[in-house]
Amino acid sequence: MRLCVFCGSSDGARPLYREAATALGRHFAQDGIELVYGGGKVGLMGAVADGVLAAGGRVTGIIPQSLVEKETAHLGLTELRVVASMHERKALMADLADGFVALPGGLGTFEEMFEVWTWAQLGYHRKPLAVLNAGGFYDGLLGFLDSVVREGFVREPHRAMLIVGTEPADLVARIRAYEPPRVIKWVKAEER
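The protein appears in an unreviewed UniProt entry as Cytokinin riboside 5'-monophosphate phosphoribohydrolase from Methylobacterium platani. On record in UniProt, under Catalytic activity (unreviewed entry), the comment for the protein is "AMP + H2O = D-ribose 5-phosphate + adenine". Per its UniProt entry, the protein bears the Sequence similarities (unreviewed entry) comment "Belongs to the LOG family."

Here's what the structure looks like:
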């Protein structure tokens, strides 16, 4: 299994974020999961990759040429693919992955997470999406998403697609057990 991780290129304000990224990486390696991610060696990106590598796992990084120096490409990976654009980066990460995990991060993390979630909602893929809610980082967003359901802009089955956990082992077990909803954006799958 290959899981794509979206996360910050900085460490964030609390050390527990880096600790969570490293722990997730170690768990991936111990569970035979290959990491696919953005290819940087800094911040949580570097921590999750180093966690996998230190535990003997495989890591594939995908990074646009324009970010090789800015994000300081991780040259110690199993495989580093340099691509032409962010669009190519995201498409290749999505193609290679069997599922997705978001760690704490900023705008890029949110954009990547919501893009693959939207693709799943529209039926473009049936892959799981999870967040590792380290230190309650995603609590505010999760509350907002619940309000979006109450306001009628997201269906409950689509909200339920997002797997949430605080421990790597539990999160990975739930990813492995994921069953996509039988409802796509506009109609129930059985009505198609």
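Picking up after the structure, the text goes on.
## Here's the deal with the pairing of strand β2 (residues 34-37)
Residues in a regular strand point their side chains to alternate faces of the sheet. Alternating residues of β2 divide into Glu34 and Val36 and Leu35 and Tyr37, and every residue in both groups is buried. As paired strands, strand β1 (residues 2-6) and β2 are joined by three bridges and run parallel to one another. Bridge pairing in β2 links arginine 2 to glutamate 34. With three bridges joining them, β2 and strand β3 (residues 59-64) adopt parallel strand pairing.

## What about the side chain of histidine 125?
Mapped onto the elements, histidine 125 comes out in the loop between α4 (107-121) and β6 (129-132). Look at histidine 125 and you get buried, because its relative accessible area is 14%. Engagement of the side chain of histidine 125 in a polar contact is seen with the backbone nitrogen of lysine 127, the distance being 2.9 Å. For histidine 125, the residues in contact, after removing those within four places along its chain, are Phe100, Val116, Trp119 and Ala120.

## Here's the deal with the environment of alanine 120
Structurally, the position occupied by alanine 120 is in helix α4. The buried category is assigned to alanine 120, whose relative accessible area is 10%. A C-alpha to C-alpha distance of 8.6 Å links alanine 120 and proline 180, two positions 60 residues apart in sequence. Excluding residues that lie within four positions of it along the chain, alanine 120 makes contacts with His125 and Met161.

## So, the pairing of β1
The element β1 is extensively covered by neighbouring structure, given that four of its five residues are classed as buried. Where the polypeptide runs from β1 across helix α1 (residues 15-30) and back to β2, its parallel neighbour, the crossover connection is right-handed. In the sheet, β1 pairs with strand β5 (residues 99-102) via four bridges, with the strands oriented parallel. What sits directly across from cysteine 4, in β5, is phenylalanine 100.

## Some thoughts on the sheet that holds β1
In space, the seven strands of this open sheet follow the order β4-β3-β2-β1-β5-β6-β7, with parallel pairing throughout. Both edges of this open sheet fall to β4 (79-83) and β7 (162-165), since each of them pairs with a single strand only. The average angle at which neighbouring strand axes cross in this sheet is 25°, direction not considered. Contacting β1, β2, β5 and β6, α1 crosses the sheet at an angle of about 170° to β1.

Here is what the cut-offs are and how they apply
Residues numbered from 1 in each chain as written. Predicted model: local features only at pLDDT ≥ 70, side-chain atom pairs only at ≥ 80, totals over all residues. Heavy atoms only, no water. UniProt positions renumbered as here; feature names shortened; annotations may be inferred. Buried < 20%, exposed > 50% of the residue type's maximum accessible area, 1.4 Å probe, protein only. Helix = DSSP H or I, 4+ residues; strand = E, 2+ residues; numbered from the N terminus. Pairing = 2+ DSSP bridges. Polar contact = N/O pair within 3.5 Å; in protein donor to acceptor, adjacent residues only side chain to side chain. Contact = heavy atoms within 4.5 Å. Right-handed = clockwise from strand over helix to strand, strands pointing away. Axes fitted to C-alpha atoms, helices over the stretch in contact; angles between N-to-C directions.

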